[in-house]
Amino acid sequence: MILSANALNLSPGWVVIPALIIIGLLIWKQINSSKPSINSIYRRIPDKSNHTPTVIPLGQDDLIQSSKAGLVEGKVKATPSADGLSDVETLRSRAQQNIQEGAITESYNADRFTINKLLNDALATETVCVLRYRRHHFMARGIHAKSIAAEFLAHSIEEQGHADQIAERIVQLGGEPDFSPDTLSQRSHAEYASGSSLTDMIKENLIAERIAIDSYREFIQYLGDKDSTTSQILKNILAVEEKHADELADMLTDIPAPTS
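Residues numbered from 1 in each chain as written. Predicted model: local features only at pLDDT ≥ 70, side-chain atom pairs only at ≥ 80, totals over all residues. Heavy atoms only, no water.

Chemist: Explain the overall build of the protein here, please?
Modeler: Assigned secondary structure in the protein consists of 8 helices and 2 strands. Going from the N terminus to the C terminus, the protein shows its helices and strands as α-β-β-α-α-α-α-α-α-α. Every one of the 260 residues in the protein was classed for burial, and the buried ones make up 28%. For the protein, the exposed surface amounts to about 17,500 Å²; the carbon and sulfur share of it is 57%. (Helix = DSSP H or I, 4+ residues; strand = E, 2+ residues; numbered from the N terminus. Buried < 20%, exposed > 50% of the residue type's maximum accessible area, 1.4 Å probe, protein only. Areas by Shrake-Rupley, 256 points an atom, 1.4 Å probe, with all protein chains shown as cover.)

Chemist: What should I look at first to understand the pattern of salt bridges in this one?
Modeler: Following the criterion strictly, the structure yields 5 salt bridges and no others. Here Asp178 and Arg187 are joined by a salt bridge, their closest N and O atoms 3.5 Å apart. Asp178 sits in the partly exposed class, given a relative accessible area of 27%. (Salt bridge = Lys/Arg side-chain N within 4 Å of Asp/Glu carboxyl O.)

Chemist: Explain the packing of aromatic side chains here, please?
Modeler: Two aromatic rings, taken as a pair, are described by how far apart their centres are and by the angle between their planes. Evaluated as defined, the whole model comprises 1 aromatic pair. Measuring from centroid to centroid gives 6.0 Å for Tyr133 and Phe152, while their planes differ by 45 degrees, and the two rings are tilted. A residue pair is termed long-range when its members are at least 10 positions apart, and Tyr133 in helix α4 (residues 112–139) and Phe152 in helix α5 (residues 145–172) qualify at 19 residues. A single burial state applies to Tyr133 and to Phe152, both of which are buried. The ring of Tyr133 has Arg132 sitting right over it, with the charged end atom 5.6 Å from the ring centre. Positioned above the aromatic ring of Tyr222 is the side chain of Lys226, whose terminal nitrogen or guanidinium carbon lies 4.1 Å from the ring centre. (Phe/Tyr/Trp six-rings, centres within 6.5 Å; stacked < 30°, edge-to-face > 60°. Lys NZ or Arg CZ within 6 Å of the ring centre and 35° of its normal.)

Chemist: How should the environment of Ala193 be read in this particular structure?
Modeler: You can see Ala193 is positioned in the loop between α6 (184–187) and α7 (198–223). Accessibility expressed as a relative area gives 13% for Ala193, which makes it buried. Remark: the alpha-carbon pair of Ala193 and Tyr133, spanning 60 residues in sequence, is separated by 9.8 Å. Beyond its immediate sequence surroundings of up to four residues, Ala193 is in contact with Arg132, His136 and Glu204. (Contact = heavy atoms within 4.5 Å.)

So this is what it looks like as C-alpha cells:
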C-alpha cells in the first residue's frame, strides 16, 4: 500500500524541503572533500640546535605563501646555489657582459698583463729549445748518434707543441704571442748553445730542460688559484720537460767518457 502526501494529510513542502537539505549536504561534503586539509600541509624549519628539521602545520596564510614558494605537501624548495657559488641568473647575467672577451669572464681576476708577459717569455724559451734540438738532430755525429739524433728530433717536436699551447693561451687571454726573432734569445730563459760534440749537445739540452723545469715550477706557484687553466697547461708541459731531462741524463750514462 502506497501512501501519498495527500493521504497523510501533508503538504508537498514537507517532502521537497528534506530532499533539498539532503542534496545540499551531499554537495557540501563533495566540495570539502576536494580541498586539501590544512592540518595535512606541513613545512620544515631547521632546528639550529641539532640541525634536525622541525615539522609544524601551516596556517591558511602560510599555505598560500608556501604554494607560491613551492613548499606544498612537505616539499622544500631547492636552494638556488650553494655557499660561494653564483646562482643561475647571476651566471647568465655576467655571461652577457663584455662578450667580446671570449673565455675571459668577470670572475677572472688575475693580472693578465703580467701573465701574458711570462707566457711570452716561456714561448721564447720553448722556441729556442725547438731550434737548438733541431740543430743537434742534424749535427749529431758518432757511433751513438743515430738513436740520440732521433731523440733530439722527438724532443724538438714536443717543444713545438708546447710553444703552440702557450701561444694559444696568450691569445685566449687577450694578448699577442711574440715570435719576433729580434728579441727571441733575449727573452728566452735557456740559451741557444751549438755544442761541439754529441756529449756537449746532450749536456746543453739537459741544462736547458732543468732551467725550464725551475721556471715552470715558479710560474705555477705564482699563479696559485688565480688562473687554473694556465696553471694546468704549464703543469702538463712541466711533466714533459721532466721526462726530457730524465731521458737526457740516461743518454749521458750511455756514452763513454772521452779518453785523453
